Structures are given as C-alpha cells and as structure tokens.
Amino acid sequence: MKTLPDESVDLIFADPPYNLQLGGDLHRPDNSKVDAVDNDWDQIGDFDAYDLFSCAWLEEARRVLKPNGAMWTIGSYHNIFRVGSFLQDMGFWIRNDVIWRKSNPMPNFKGTRFTNAHETLIWASKTKDAKPTFNYAAMKALNDGVQMRSDWTLPICAGGERLKNKEGKKAHPTQKPESLLHRVLLATSNPGDLVLDPFFGTGTTGAVAKKLGRHYIGIEADPTYADVARKRIAAINPTSEDLLQVTQSKRALPRIAFGSLVEAGLLKPGDTLYCSQGRRTAQVRADGTVIAGGQAGSIHQMGAHVQGAPSCNGWTFWHVRQGGALAPIDVLRARIRAELQV
C-alpha cells in the first residue's frame, strides 16, 4: 500500500484477518473435523499486536483514499469493534454499519454459545463532510422498489462459487460471496472507479469489479491465493458498458430549470399547462414562470396556488397535451437531461 499515490483510490473494501485465535480443533457431532480458520495469516497476536497491525493498514488506507472516497471493512465480533474504534479515532466518518446475516451459517457444534450467523460491515467516508458515492436509487431497484435496509440476508460462499485447490479442498477458508461484493460495489462506486482491496485473498473483489466495469488493485501476500485470483479474474468476460449503468436518484441528475424547456423550444410562451384531470390550467411565460388564477410564479408556486395547498411538485402536477393525451412536463425535463448526459 505504501507504493500507491496519495488520494488515488475511489473505494476500499478491506477484509482483514479477524485474529480468531481458536482454541484447539473443532469437531462435528459425527467426530469429523471442521475445516476452521487456523492459518498463520490470521494469527496476528494479542490485542496490542492486532491494534498496531490495524492502525498501520488503516493509516495507509486513509492516505490513498480520495477526499470523497469511502471504505468498507468487514469483521466478526473478534475484531470489528476494535477496527471501528480506530476508524473514528483517525477521522473517518461512519455512515452505516451493515449486518450480513448468513442464510446458511455454520452451526455451533459445541453448543456453548449462539450460532455465529452474521458478520458486520462498516461503511465509512474519509471525513464527516465528504460526499462519497451512494447509488440509493439503484439499491432500491435491486430490492424490488423498496428502500434497502442495513441488514442483508445473503448466503455464505458455497457450491460452484467456492474455489477449490488441486486436492479438492477450499482454496481459501474465508472466501466471501460475490453477492456481497456486488451489493457493496454497486451501491458505493461507479463504472471506471478504482477499487482497492488490501487483503485480496482469491480475488472476489477483483472478480466483481471486473464484472461491473470498475478498475481494481488487489494486494495479497500469499502467492498461492494470488495465483488463484489471477486465474479466476482472467476467465471473466467484461460486461458491455450500456448494461453497467444503474438507476440514478433524482438528486444525482443534472438540475433543469423549467425555463430551460422554453429556451429549448419544447414549450412556447402562451402554451397551456393542465392538471392531470385537465380542469386547472396555466399559461407559460417567456421567462419560465406561469400564470394561473390571476397570479404569476413558478410551476411549483402556481401548482400549490390553484390547489390551495402549502406546496406542490410542479413537474408532476402540470401536464402538456401530446398526441391527444396529457403527459407530465417531467417527460420534457427527462428529454433535456438525456441530451445533456449524451
């Protein structure tokens, strides 16, 4: 990470060692051994050693992140609260914690505690005032038109997605599912953004980034994992750019004034606007105001005036005649926005 330029990365997804420090082998009721996480890379040491390790990589993450960039980090109860505390101490601003609820978690075979059925993700911006990417409307579309919540029910990596080594065993003990990274990258990055994963493993972040048209940097100390990641990502065919566009929230769209419709010739001074039932009308003026009920003002003011309402969204209230039918003037605004984006 020290070789990367300052403020060069749009998004970081970090899946650091959890420092589990498991006490002995774990067996199922049939006495078969559980393939638990006991790798050397997860054995950082005591709390002091883990804290030093965490602060070191977090400091580099903060350095390489762009001012409006953001970072995700994931962990379990073993480490996530310590990492979250360091994030805040360093000036990161936590925007959400997200619970990944595993639909198919590993049971607690000893029966000594609750089944560990979730992990916690922290989404943080570099500062409180930063404006990181958040594709809110895309998340709502992904969730069948309902606002996406901060508890995500997704399965752990299994079946055909689970990478295997030559012996037929798991290539990596903690491979994350692509569905999790798909949601993270779709929500908080855009095509062409640069995503950094400082604990790359077998390359789930890179695989999803390539599928979604993001650039990526993966850092991995284990050459075996790195080799698996390279082969995995090389086999992915990129998706065409037009299919990578997502639903934008209205706040992210270019602001269009009603007067722009007059300037563009989509409406002319003297044209009539109608409410959806056609009973209330207004006339367009050359400066982008309208006259209704003997008063002049913006489309919003006059929409509220004719209804006797405190406020009104004039873009959806007022309509124009098109092909014998009434259409909201918002369709004209959408036409100008499309031309601007092209």
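The structure this text deals with has already been given above.
Below, the structure is looked at part by part. Each chain carries its own residue numbering, running from 1 in the direction its sequence is written. Local features in this predicted model are restricted to residues of pLDDT 70 or higher, and side-chain atom pairs are both shown and tallied only at a pLDDT of 80 or more, whereas totals for entire chains, interfaces and linings draw on every residue. Think of the side-chain values as coming from all heavy atoms in the structure, minus any hydrogens and water.

### As for the nonpolar core
- If you look at the biggest cluster of nonpolar residues, it comprises 25 residues, and the most contacted ones within it are Trp-72, Leu-121, Trp-152, Leu-180 and Leu-185.
- Each helix is a run of H or I in the DSSP string that is no shorter than four residues. Each strand is a run of E no shorter than two, and both are numbered from the N terminus. Listing elements by their share of this core, those giving two or more residues are β1 (9–14), β2 (65–75), β3 (93–102), β4 (118–125), β5 (151–154), α4 (178–188) and α5 (204–211).
- If we ignore the near neighbours within four places in the chain, the residues touching Leu-185 are Leu-11, Val-195, Thr-205, Val-208, Ala-209, Leu-212 and Arg-214. Buried residues of nine kinds, namely Ala, Val, Leu, Ile, Met, Phe, Trp, Tyr and Cys, make up a nonpolar core once their side-chain atoms join them within 4.5 Å. Relative accessibility under 20% of the residue-type maximum defines a buried residue, over 50% an exposed one, and the middle range a partly exposed one, all with a 1.4 Å probe and only protein chains included. Whether two residues are in contact is decided by their heavy atoms, any of which lying within 4.5 Å being enough.

### Details of the packing of α5 against helix α6 (residues 223–234)
- At a minimum axis separation of 9 Å, α5 and α6 run at an interaxial angle of 15 degrees. Accordingly, the angle class assigned to the pair α5 and α6 is roughly parallel. In this structure, α5 meets α6 at a crossing whose hand is right-handed. Touching Thr-204, Gly-206, Ala-207 and Lys-210 of α5 are Arg-232, Ile-233 and Ala-234, all from α6.
- Ten residues, namely Ala, Val, Leu, Ile, Met, Phe, Trp, Tyr, Cys and Pro, are considered nonpolar, four, namely Asp, Glu, Lys and Arg, are considered charged, and the remaining ones, Gly among them, are considered polar. Each residue belonging to the contact of α5 with α6 can be placed in one class, and the counts come to three nonpolar, two polar and two charged. In this analysis, axes come from line fits to C-alpha atoms, helices being fitted only over the stretch in contact, and the angle between any two N-to-C directions falls in the range 0 to 180 degrees. Orientation labels follow simple angle bins: below 35 degrees gives roughly parallel, above 145 gives roughly antiparallel, 65 to 115 gives roughly perpendicular, and whatever is left gives oblique. Each helix crossing is assigned a hand: it is left-handed if the near helix lies turned anticlockwise from the far helix by less than a right angle, otherwise right-handed if that turn is clockwise.

### Points about the pattern of salt bridges
- Each reported salt bridge corresponds to a side-chain nitrogen of Lys or Arg within 4 Å of a carboxyl oxygen of Asp or Glu. Inspection of the entire model under this criterion finds 13 salt bridges.
- The shortest N-O distance in the salt bridge between Asp-6 and Arg-63 comes to 2.6 Å. Note that Asp-6 is positioned in the segment before β1 and Arg-63 in helix α1 (residues 47–64), a separation of 57 residues in sequence.
- Here Asp-6 falls in the exposed class, since its relative accessible area comes to 52%.
- The salt bridge partner of Lys-66 is Asp-10, with a shortest N-O separation of 3.0 Å. Pair noted here: Lys-66 is in strand β2 and Asp-10 is in strand β1, with a separation of 56 residues, a long-range link.

### Here's the deal with the side chain of Gln-175
- Note on placement: Gln-175 falls in the loop between β5 and α4.
- When its relative accessible area of 5% is taken as the criterion, Gln-175 is described as buried.
- Here Glu-161 takes part through its backbone oxygen, which lies 3.0 Å from a polar atom of the side chain of Gln-175.
- Reaching out from Gln-175, the side chain makes a polar contact with the backbone nitrogen of Leu-163 at a distance of 3.0 Å. We call two N or O atoms a polar contact when they sit within 3.5 Å, provided that within protein one can donate a hydrogen and the other can accept it, with sequence-adjacent residues counted only if both atoms are side-chain atoms.

### Regarding the sheet that holds strand β7 (residues 215–218)
- With mixed pairing, the seven strands of this open sheet are ordered in space as β5-β3-β4-β2-β1-β6-β7. The open sheet has two edge strands with one neighbour each: β5 and β7. Within this sheet the neighbouring strands show an average axis-to-axis angle of 20 degrees, counted without direction.
- In this scheme, strands are said to pair when DSSP sees at least two bridges between them. Sheet analysis places β3 next to β4, joined by eight bridges and oriented antiparallel. Bridge pairing links Ile-99 to Thr-120 in β4.
- Contacts from α1 reach β1, β2 and β6 (194–197), with the element oriented near 145 degrees to β2.
- Sheet strands touched by helix α2 (residues 80–89): β2, β3 and β4. Its angle to β2, the strand with the most contacts, is close to 165 degrees.

Distances and angles like these do not, on their own, reveal function.
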